2 protein chains.
Amino acid sequence: MQGSPPRGMRDFYPDEMRVQNWLFSRWRASAMRYGFEEYNSAVVEHEELFVLKSGEEIVSQLFNFVDKGGRRVTLRPEMTPTFARMIAARGGALPKPVKWFSVAQCFRYERMSRGRKREHYQWNLDVVGVPEVTAEAELLSAALDALGGMGLTAEDVVVRISHRGLMGAVLEGLGVPEEIRTGVLGVIDKRGKEAEESLRRRMETLGVSRDAVHALFALLDEKEIGAFARLLREQGLSTESVEDLETLFGYLEACGIGDYCEFSPSIVRGLPYYTGIVFECFDREGKFRALFGGGRYDNLFDLFGAGSLPSAGLGFGDVVIQELLREKQLLPALSRRIDFFLIPYSQMERARAFRTAERLRKGGFHTDLVLGARKLKGALREGARLRAERVVLLLPEELEQGLFVLRDLESGKEERVPEGAFLEDPGRFLRASGSGPSGSAG
Amino acid sequence: MQGSPPRGMRDFYPDEMRVQNWLFSRWRASAMRYGFEEYNSAVVEHEELFVLKSGEEIVSQLFNFVDKGGRRVTLRPEMTPTFARMIAARGGALPKPVKWFSVAQCFRYERMSRGRKREHYQWNLDVVGVPEVTAEAELLSAALDALGGMGLTAEDVVVRISHRGLMGAVLEGLGVPEEIRTGVLGVIDKRGKEAEESLRRRMETLGVSRDAVHALFALLDEKEIGAFARLLREQGLSTESVEDLETLFGYLEACGIGDYCEFSPSIVRGLPYYTGIVFECFDREGKFRALFGGGRYDNLFDLFGAGSLPSAGLGFGDVVIQELLREKQLLPALSRRIDFFLIPYSQMERARAFRTAERLRKGGFHTDLVLGARKLKGALREGARLRAERVVLLLPEELEQGLFVLRDLESGKEERVPEGAFLEDPGRFLRASGSGPSGSAG
């Protein structure tokens, strides 16, 4: 019997689980301070939800199967279609705007060549019912609040922002036929992941003229929104995308996250449902894949017959952020917390140990006790391994006098304390606390 | 496009998610105070893990499929085999005892006739490496601590406890052949779920004599452990199971949970891997299925080649407990918490609103603001819907004088406060708090 999980799946041993819980708690805390409410769904979803709404790449990577009732289901590859299904089901009964978040496990059946896993958790934030780019500003501030809370500054990470309509207008101006524009955007999305020469060839194969490809690539590195405004105005094309971007950057400045954000016309996002602002967050050194990405999807709800609901959202995975934090040595040292470790001298003192442990635990103290038959030396070693703050020895002679023996494992110092005095205020025997029972660091 | 999730799956809208998070946080808090560490794994597991180790009933209900790589996998139906796989993989490197817990989503493909879902979350607690019944005492105290924390007393719930070896010895004494004993235990396990007459017939069909069936049923309601001790001693059979039970009940008294617990010889548990103490927790009125169940499984790790590791564990689902708490009106009223809701008078004040929101959020206050174009009246309604504690109006004239308008939606009272004075200590403008930013009630 093999000990590893199925290929591409992760086990979370306690050390890894502590990191995971820490990350999730940062996500949740930011989301709640920014006024988002949590939702979730089961991991199993209708297959058609994704066949309809996601890109071809996702469909080919679905973790799908036919259940015993003959239904085509899949482990969800992303959360947005499920989110849209849930919103659409409540329809008009849900007051807008809706600001929801989720920490959702998602699955993709990918080839394992790049060391990528087949499952990850994604923090999803969505704002429904807001046509203004205030929605995007909310999303980005919440996500950057989480990153900032993890110690990542504007020197570590950058959010690259553009607008689907911007590149659309540029393609229009370059005379690229409408029917191949989605394909061209798909090629642009691969920039940085594939060699530029290969991308240029793919565009020509799609039917873009060599001159248009040349002009397009010259624009992809343009950092000035103004240059696009001039270009579009010259050609009599819509400048709405430019205005949206300028308004958004104003809000991002007001939110104090202007330093993190830059205009980057080559950001188009792979998924087909985006309609407006799009963005991706990267480490500045460019060592890792995107930390998070998202944008506006104003037409997604139409597909569910829920009418037009202007919306924007983002997804933030748990894998890349951990890689980056590890590299920057920003992952906190998290250890199990045991306040008191009780050692009954023999089986005779066990009931007493249980009684005492119960009192401490009910008082909110993280408490453990020796459960097996152990010599004192082995028991003390166990206490040391648990990094218990205080060891409480229940020794027969001392107990007869109503005394507990409290031992500090670091200093080896022992003191004899009357049981009553100890149980009245156990917190004062803890080193750092002073204030009382420990939190939920666990 | 349908709005519901796949059959048997649950959506968690924010109201349901708050209840779910509340339940999970109670589980986690109890587990950590009792010295357990959290672990988890992906939902996808090797199919063979369950084919080998679980009962036939589970195998027929597996949510299994063949992945695109031809591997037979399944959504886990329970956590214990995964737990055993993870422990076995680390083997001797893991210091014992291991005390781990998990809050794990599990899937079973069941017929939907009983209104049962195909997915639930289960709180799993396990103690590995402890042959003494101290392990069972730890498990039961932690689980009952969680129940107690939810407001359920010994008058509401009962833990019925027995020992696999007890019924084994009884069957031996009654001359029931060894090869059909597992089958007979399976029939006993159905007690309360199936008519007694039907169970008696099934036992006879298995090959138990009518006299033995009669004697057996007479014993199933025996409440005195002592009666079994005498019976087994008279027949020269092992009384180890009785001694284990008596020791355990002593510890449970010491832990202050004696009132919750009773001896009940008909508890045998359906899963085949249990070897010693077994228990199930029910509501006293008998309206619901078991709240939690578990026991000792000393031989499970042998199957993984990890040698003998005496262990015990329990599983506690999220569905029945919520039904019971709802019926007893013990589910807390949980609502979204918004401390401040900012209303910019027009688009002109939006950047200012974002700047202010950012300050409040960074200060730990749950803050929301108007994102769309709204008239003041609609904005105030939105604030009321969010039950925002305080509304902050950013009005052009007042802002010119550096003033915010703070409004209490309950009383309708307004006060004009200088921006600086407000931002210096926003907490003092909150009704109940006094002490500062809100916690994570979200």
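Each value, and the rule that gives it
Each chain carries its own residue numbering, running from 1 in the direction its sequence is written. Each chain gets a letter, beginning with A, and each ligand a number, beginning with 1, in the order they are written. In view of the model being predicted, local features appear only for residues whose pLDDT reaches at least 70, and side-chain atom pairs are presented and counted only at 80 or more, with totals across whole chains, interfaces and linings using the full set of residues. Processing note: side-chain calculations cover all non-hydrogen atoms of the structure and skip hydrogens and water entirely. What counts as a helix is a DSSP run of H or I of at least four residues, what counts as a strand is a run of E of at least two, and both are numbered from the N terminus. Atoms counted for the radius of gyration: C-alpha only. Globule rule: 2.2 Å times residue count to the power 0.38. The rule is simple: take the accessible area with a 1.4 Å probe, protein chains only, and divide by the maximum for that residue type; under 20% is buried, over 50% is exposed, in between is partly exposed. The contact definition used throughout considers only heavy atoms, calling two residues in contact when any of these lie within 4.5 Å. The protein chains shown are the only cover counted for residues, whose accessible areas, like all others here, come from Shrake-Rupley with a 1.4 Å probe. Only when DSSP finds a minimum of two bridges between them are two strands counted as paired. Axis definition: a line fit to C-alpha positions, over the contact stretch in the case of helices; interaxial angles, taken between N-to-C directions, run 0 to 180 degrees. Domain start and stop points were drawn from an automatic or database domain assignment. Here the buried area means the combined drop in accessible surface, using a 1.4 Å probe, for two parts upon being joined, counting both sides. Think of a salt bridge as a Lys or Arg side-chain nitrogen and an Asp or Glu carboxyl oxygen that are within 4 Å of each other. N or O atoms closer than or at 3.5 Å make up a polar contact, with two conditions inside protein: a donor-capable atom paired with an acceptor-capable one, and, for residues adjacent in sequence, both atoms drawn from side chains. Gly is placed with the polar residues, together with every amino acid not listed as nonpolar (Ala, Val, Leu, Ile, Met, Phe, Trp, Tyr, Cys and Pro) or charged (Asp, Glu, Lys and Arg). Aromatic pairing here means that ring centres of Phe, Tyr or Trp (its six-membered ring) are within 6.5 Å. Orientation follows from the plane angle: under 30 degrees is stacked, over 60 is edge-to-face, and everything else is tilted. Both a distance and an angle decide whether a charge sits over a ring: NZ of Lys or CZ of Arg must be within 6 Å of the ring centre and within 35 degrees of the ring normal. Here the copies were fitted onto each other by least squares, based on C-alpha atoms from residues at pLDDT of at least 70 in both. Should an angle lie under 35 degrees it is considered roughly parallel, over 145 roughly antiparallel, and from 65 to 115 roughly perpendicular; all remaining angles are considered oblique. Each crossing is labelled by how the near helix is turned from the far one, with a counterclockwise turn of less than a right angle marking it left-handed and a clockwise turn marking it right-handed. The disulfide criterion is simple: two cysteine sulfur atoms within 2.5 Å. A score between 0 and 100, pLDDT records how confident the predictor is in each residue.

Caption draft 1: Fine view of the overall build of chain A. For chain A, the helix and strand inventory stands at 16 helices and 18 strands. Since a compact globule built from 442 residues should have a radius of gyration of about 22 Å, the 28 Å found for chain A marks it as more spread out than a globular shape. Its C-alpha atoms give chain A principal-axis dimensions of roughly 95 × 55 × 50 Å. Taken over 442 residues, chain A has a buried fraction of 59%. For chain A, contacts bridging at least 24 residues in sequence account for 67% of all contacts bridging at least 6. Put simply, chain A shows about 17,700 Å² of open surface, and 46% of that area lies on carbon and sulfur atoms.

Caption draft 2: Geometry of the sheet that holds strand β13 (residues 311-317) of chain A. Residues and elements named next belong to chain A. In spatial order, the strands read β2-β7-β8-β13-β12-β11-β9-β10; together these eight strands make up an open sheet with mixed pairing. The two strands at the open ends of the sheet, each matched to only one other strand, are β2 (37-38) and β10 (261-263). In this sheet, β13 lies alongside strand β12 (residues 292-296) in antiparallel orientation, the contact comprising five bridges. Residue pairing in the sheet places Gly294 in a bridge with Leu314 of β13. Strands β2, β7 (98-107), β8 (119-128) and β13 of the sheet are contacted by helix α1 (residues 14-33), whose axis makes an angle of about 0° with β8. Its contacts with the sheet place helix α11 (residues 240-254) against β9 (157-163), β10 and β11 (277-283), and it is angled at close to 150° to β9.

Caption draft 3: Representation of the domain arrangement of chain A. Domain assignment breaks chain A into domain 1 (14-327) and domain 2 (341-429). Each of domain 1 of chain A and domain 2 of chain A has a C-alpha centre, and the two are 54 Å apart.

Caption draft 4: Layout of the pairing of strand β17 (residues 403-407) of chain A. Residues and elements named next belong to chain A. Burial runs high along β17: four of the five residues are buried. Pairing of strand β16 (residues 390-394) with β17 involves three bridges; the strand directions are antiparallel. Note that in β17 the partner of Leu393 across the bridge is Val405. As paired strands, β17 and strand β18 (residues 414-418) are joined by five bridges and run antiparallel to one another. Residue pairing across strands places Leu406 opposite Glu415, the latter belonging to β18. The hairpin formed by β17 and β18 contains six residues between the paired strands, and Gly412 there has a positive phi angle of roughly 75°.

Caption draft 5: Inspection of the interface of chain A and chain B at higher detail. With 101 residues of chain A at the contact, the number on the chain B side is 101 residues. Roughly 8,500 Å² of surface becomes buried between chain A and chain B when both sides are summed, with 58% attributable to carbon and sulfur atoms. Applying the counting rule to chain A against chain B returns 14 salt bridges. Here Glu138 of chain A makes a salt bridge to Arg361 of chain B, at a shortest N to O gap of 2.8 Å. The tally of links from chain A across to chain B stands at 52 residue pairs in polar contact (both at pLDDT 80 or more). Among the residues forming the side of chain A that touches chain B, the class breakdown is 46 nonpolar, 22 polar and 33 charged.

Caption draft 6: Quick peek at the sheet that holds strand β7 (residues 98-107) of chain B. Residue and element names in this part refer to chain B. Strand order in the open sheet made by the eight strands is β2-β7-β8-β13-β12-β11-β9-β10, with mixed pairing throughout. Pairing within the sheet leaves two strands with one partner each, and these edge strands are β2 (37-38) and β10 (261-263). Both strand β9 (residues 157-163) and strand β11 (residues 277-283) contribute to a ladder of seven bridges, which runs antiparallel. Its bridge partner being in β11, Val157 is matched across the sheet by Asp283.

Caption draft 7: Structural context of the packing of aromatic side chains. As enumerated under the stated definition, the model contains 49 aromatic pairs over all chains in all. In this structure, Lys99 of chain A packs its charged tip against the face of Phe36 of chain A, placed 4.8 Å from the ring centre. The cationic tip of Arg200 of chain B hangs over the ring face of Phe217 of chain B; the distance from NZ or CZ to the ring centre is 4.4 Å.

Caption draft 8: Examining the pattern of salt bridges more closely. All told, the structure shown has 82 salt bridges over all chains when counted by the stated rule. For the salt bridge of Arg210 of chain B with Glu204 of chain B, the shortest nitrogen-to-oxygen distance reads 3.2 Å. For Glu415 of chain B, the salt bridge goes to Arg390 of chain B, with nearest N and O atoms at 3.3 Å. Of this pair, Glu415 of chain B sits in strand β18 (residues 414-418) while Arg390 of chain B sits in strand β16 (residues 390-394), and the two are 25 residues apart along the sequence. Judged by its relative accessible area of 12%, Arg390 of chain B falls in the buried class. Among the charged side chains, a salt-bridge network with shared partners connects Asp15, Arg18, Arg336, Arg361 and Asp368 of chain A together with Glu37, Lys99 and Glu138 of chain B.

Caption draft 9: Up close: the relation of the copies chain A and chain B. Mapping chain A onto chain B is achieved by rotating through 180° and translating by 0.0 Å along the same axis, at an RMSD of 0.0 Å. Within this description, the copies of the chain are treated as partners about a two-fold rotation axis. The position closest to the rotation axis in chain A is occupied by the C-alpha of Phe65 of chain A, lying 3.3 Å away.

Caption draft 10: The arrangement of the packing of helix α10 (residues 225-234) of chain A against α11 of chain A in detail. All names here are of chain A. Viewed as axis vectors pointing N to C, α10 and α11 meet at an angle of 155°, and their least axial separation amounts to 9 Å. Between α10 and α11, the angle falls in the class roughly antiparallel. Judged by the sense of rotation from one axis to the other, the crossing of α10 with α11 is left-handed. Judged by residue contacts, Ile225, Phe228, Ala229 and Leu232 of α10 engage Ser241, Val242, Leu245, Glu246 and Phe249 from α11.

Caption draft 11: Representation of the state of the cysteines. Enumeration over the complete set of coordinates arrives at zero disulfides over all chains. Note on Cys261 of chain A: no disulfide assigned, nearest cysteine sulfur contributed by Cys281 of chain A at a separation of 8.4 Å. Take Cys255 of chain B: it sits in no disulfide, and the sulfur closest to it among the cysteines is that of Cys261 of chain B, at 9.2 Å. A residue is classified by how much of its surface remains accessible, and Cys255 of chain B, at 3% relative accessible area, is buried.

Caption draft 12: Examining the confidence of the model for chain A more closely. When pLDDT is averaged along chain A, the result is 91; 95% of the residues meet or exceed 70. The model gives residues 438-442 of chain A a pLDDT under 50, and that stretch makes 14 contacts with residues more than four places away or in other chains.

Caption draft 13: Layout of unusual backbone geometry. Cis rather than trans, the peptide bond between Lys96 of chain A and Pro97 of chain A has omega equal to -5°. As for its placement among the helices and strands, Pro97 of chain A is situated in the loop between α4 (80-90) and β7. Although it is not a glycine, Gln329 of chain B adopts a positive phi angle of roughly 55°. Following the sequence through the fold, Gln329 of chain B ends up in the loop between α12 (318-327) and β14 (340-344). A relative accessible area of 72% places Gln329 of chain B in the exposed class.

Caption draft 14: How the structure looks around the pairing of strand β5 (residues 63-66) of chain B. Residue and element names in this part refer to chain B. Of the two faces of β5, the one lined by Phe63 and Phe65 is fully buried and the one lined by Asn64 and Val66 carries no buried residue. Sheet topology places β5 next to strand β6 (residues 72-75); four bridges connect them, and they run antiparallel. Its bridge partner lying in β6, Phe63 is registered against Leu75. Taking the residues between adjacent antiparallel strands as the criterion, β5 and β6 are bridged by five residues, where Gly70 takes a positive phi near 80°.

Caption draft 15: Inspection of helix α14 (residues 376-385) of chain B at higher detail. All names here are of chain B. Those residues of α14 lying buried are Gly378, Ala379, Leu380, Glu382 and Gly383. At its buried positions, α14 is contacted by β14, β16 and β17 (403-407). After α14 finishes, the residue Arg387 shows a positive phi value of roughly 50°.

Caption draft 16: Expanded view of the packing of helix α13 (residues 350-362) of chain A against helix α5 (residues 134-149) of chain B. Contact geometry for α13 of chain A and α5 of chain B: axes closest at 12 Å, N-to-C directions at 25°. The pairing of α13 of chain A with α5 of chain B is recorded here as roughly parallel in orientation. Our pair here, α13 of chain A against α5 of chain B, has a crossing hand that is right-handed. Two secondary-structure elements touch here, α13 of chain A through Arg350, Phe354, Glu358, Arg361 and Lys362 of chain A and α5 of chain B through Thr134, Ala137, Glu138, Ser141 and Asp145 of chain B. Each residue belonging to the contact of α13 of chain A with α5 of chain B can be placed in one class, and the counts come to two nonpolar, two polar and six charged.

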